[in-house]
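Inside the fold
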Amino acid sequence: FTHIVGVENMSLPGDVDGDGKISITDVTELIDLLMLGTAAQNPAGDVDCDGRVSITDVTAIIDLLFVQ
């Protein structure tokens, strides 16, 4: 390789708060963002990859927590 470019701001789906891990904090933050109407501004909230952030994504994060 002659030129390698790093990728920044790659967030883990479900890591709404950007701390590098999925926790109950991400669930509560996504619920807060949904209530405020600003959830679409956080692409990490689209856990089910359907192109929109909704309560379904909250459920998906909870499911991820049970798998861990």
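Higher on the page you've got the structure.
Below, the structure is looked at part by part. (Residues numbered from 1 in each chain as written. Predicted model: local features only at pLDDT ≥ 70, side-chain atom pairs only at ≥ 80, totals over all residues. Heavy atoms only, no water.)

Overview of the overall build of the chain
If you tally the helices and strands in the chain, you get 2 helices and 0 strands. A sequence separation of at least 24 residues applies to 44% of the contacts in the chain between residues at least 6 apart. Of the accessible surface of the chain, which amounts to about 4,900 Å², a share of 60% is contributed by carbon and sulfur atoms. (Helix = DSSP H or I, 4+ residues; strand = E, 2+ residues; numbered from the N terminus. Contact = heavy atoms within 4.5 Å. Areas by Shrake-Rupley, 256 points an atom, 1.4 Å probe, with all protein chains shown as cover.)

Re the nonpolar core
Counting residues in hydrophobic clusters, the biggest one holds 11 residues: V16, I22, V27, L30, L33, A39, V47, V53, V58, A60 and I61. Going through the elements one at a time, α1 (24-36) and α2 (55-67) are the ones with two or more residues in this core. (Core = buried A, V, L, I, M, F, W, Y, C linked by side-chain atoms within 4.5 Å. Buried < 20%, exposed > 50% of the residue type's maximum accessible area, 1.4 Å probe, protein only.)

Quick word on a nonpolar patch on the surface
The grouping of I31, M35 and I55 at the surface amounts to a nonpolar patch, some 330 Å² of accessible area in total. In this structure, M35 sits in helix α1. (Patch = residues over 30% accessible without salt bridge, like charges linked within 9 Å, V, L, I, M, F, W, Y side chains within 5 Å. Salt bridge = Lys/Arg side-chain N within 4 Å of Asp/Glu carboxyl O.)

Brief notes about the environment of V47
Looking at the element boundaries, V47 is found in the loop between α1 and α2. For the pair formed by V47 and P13, sequence separation is 34 residues and the distance between their alpha carbons is 5.1 Å. Not counting residues within four places of it along the chain, the set of residues in contact with V47 comprises P13, G14, D57, A60, I61 and L64.

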